[in-house]
Amino acid sequence: MREAFLKRLFSKVNCGVCGQKYDVSNIKILDQEDGLWVLSVYCSSCGTQGLIAAVVQEGNITEVITDLTEAERERFDDSEVVGVDDVLEMHNFLKEFDGDFANLFSEK
Ligand SMILES: [Zn+2]
């Protein structure tokens, strides 16, 4: 259940490079241990690949960390265009989120 939930949740996240939403089929759970979930995401629109780490406790995500791939880091080395804002945005989203998933996933 959590796996499906996390995939749906991150399919709401926009690609930090081109702004497209990640497709659920391009979100993969890499590993899971003690509530720490590591997911890889792939943007079918621009080909960006990245990692997301999420700390999940009793169904609540308490922390999300995203990382860029090596290539992306090189590309954005001289700027702060991508990354921090996305993580903060997700962080704030999760902080404000009241747990009403039915409502979240029904809005388009
Ligand atoms: Zn993209």
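Since the model is a prediction, treat every value here as computed from it, not as a measurement. Counting restarts for each chain: residues are numbered from 1 in the order of the written sequence. In keeping with the model being predicted, local features are shown solely for residues with a pLDDT of at least 70 and side-chain atom pairs are shown and tallied solely at 80 or more, while totals for entire chains, interfaces and linings include all residues. For the side-chain quantities, the full set of heavy atoms in the structure was used; hydrogens and water were omitted.

Participant: Would you mind showing me how to read the side chain of Asn26 here?
Facilitator: The topology assignment puts Asn26 in the loop between helix H1 (2–10) and strand S1 (27–33). Categorising residues by exposure relies on relative accessible area from a 1.4 Å probe, with only protein chains included: less than 20% of the type maximum marks a residue as buried, more than 50% marks it as exposed, and the intermediate range marks it as partly exposed. Residue classification places Asn26 among the buried positions, given a relative accessible area of 17%. When checking whether two residues touch, look at their non-hydrogen atoms; a contact exists if any pair is within 4.5 Å. Contact partners of Asn26, with chain neighbours within four places excluded, come to Ser40, Val41, Tyr42 and Ser44. Segments assigned H or I by DSSP are reported as helices when at least four residues long, segments assigned E as strands when at least two residues long, and all are numbered from the N terminus.

Participant: It is not clear to me how the coordination of the zinc ion should be interpreted in this structure. Could you clarify?
Facilitator: For a metal bound by four donors in a tetrahedral arrangement, the ideal donor-metal-donor angle is 109.5 degrees, while six donors in an octahedral arrangement ideally sit at 90 or 180 degrees. With water omitted from the atoms examined, metal sites may look incomplete; donors here are N, O and S atoms no farther than 2.8 Å from the metal, or 3.2 Å in the case of Na, K and Ca. At 2.2 to 2.4 Å from the zinc ion lie its protein donor atoms, namely Cys15 (SG), Cys18 (SG), Cys43 (SG) and Cys46 (SG). Taken together, the 4 donor atoms surrounding the zinc ion define angles of 104 to 112° at the centre, an arrangement classified as tetrahedral. Sequence positions of the donors to the zinc ion reduce to the motif C-x2-C-x24-C-x2-C. Here the residue Cys18 occupies a position in the loop between H1 and S1, and Cys46 occupies one in the loop between strand S2 (36–42) and strand S3 (49–57), the gap between them amounting to 28 residues. Irregular is the label for any site that misses the other tests, which are tetrahedral for four donors with all angles between 85 and 135 degrees, and square planar for four donors or octahedral for six when opposite donors exceed 155 degrees and the remaining angles lie between 65 and 115.

Participant: Please clarify how the nonpolar core should be interpreted in this entry.
Facilitator: For soluble globular proteins, the rule of thumb is that nonpolar side chains tend to be buried together. Buried Ala, Val, Leu, Ile, Met, Phe, Trp, Tyr and Cys residues that are joined via side-chain atoms within 4.5 Å together make up what is termed a nonpolar core. With 17 residues, the main nonpolar core has Leu6, Phe10, Tyr22, Ile27, Leu39, Ile52 and Val64 as its most contacted residues. Looking at this core element by element, the count peaks at 4 residues for H1.

Participant: What exactly am I supposed to notice about H1 here?
Facilitator: Along an α-helix, residues three or four apart share an orientation, since each turn contains 3.6 residues. Listed in full, the buried residues belonging to H1 are Phe5, Leu6, Leu9 and Phe10. Taken around the axis of H1, the buried residues stretch over an arc of 120°, which confines them to a single face. Comment: arc refers to directions from the helix axis out to C-beta atoms.

Participant: Looking at this structure, how should I read the environment of Ser11?
Facilitator: Following the sequence through the fold, Ser11 ends up in the loop between H1 and S1. The buried category is assigned to Ser11, whose relative accessible area is 16%. Sequence-wise, Ser11 and Ser25 are 14 residues apart; in three dimensions their C-alpha atoms are separated by 9.0 Å. Ignoring sequence-local partners within four residues, the contact set of Ser11 consists of Lys21, Tyr22, Val24 and Ile27. In protein, a polar contact requires one atom able to donate a hydrogen and another able to accept it; more generally it is a pair of N or O atoms within 3.5 Å, and residues adjacent in sequence count only if both atoms are side-chain atoms. Within the structure, the side chain of Ser11 is placed 2.6 Å from the backbone oxygen of Arg8, a separation counted as a polar contact.

Participant: Just to check I follow, could you spell out the environment of Glu33 for this structure?
Facilitator: Assignment of secondary structure puts Glu33 in strand S1. On the basis of relative accessible area, Glu33 is assigned to the exposed category, the value being 54%. Put simply, Glu33 and Val56 are 23 residues apart on the chain and 10.0 Å apart in space, counted from C-alpha to C-alpha.

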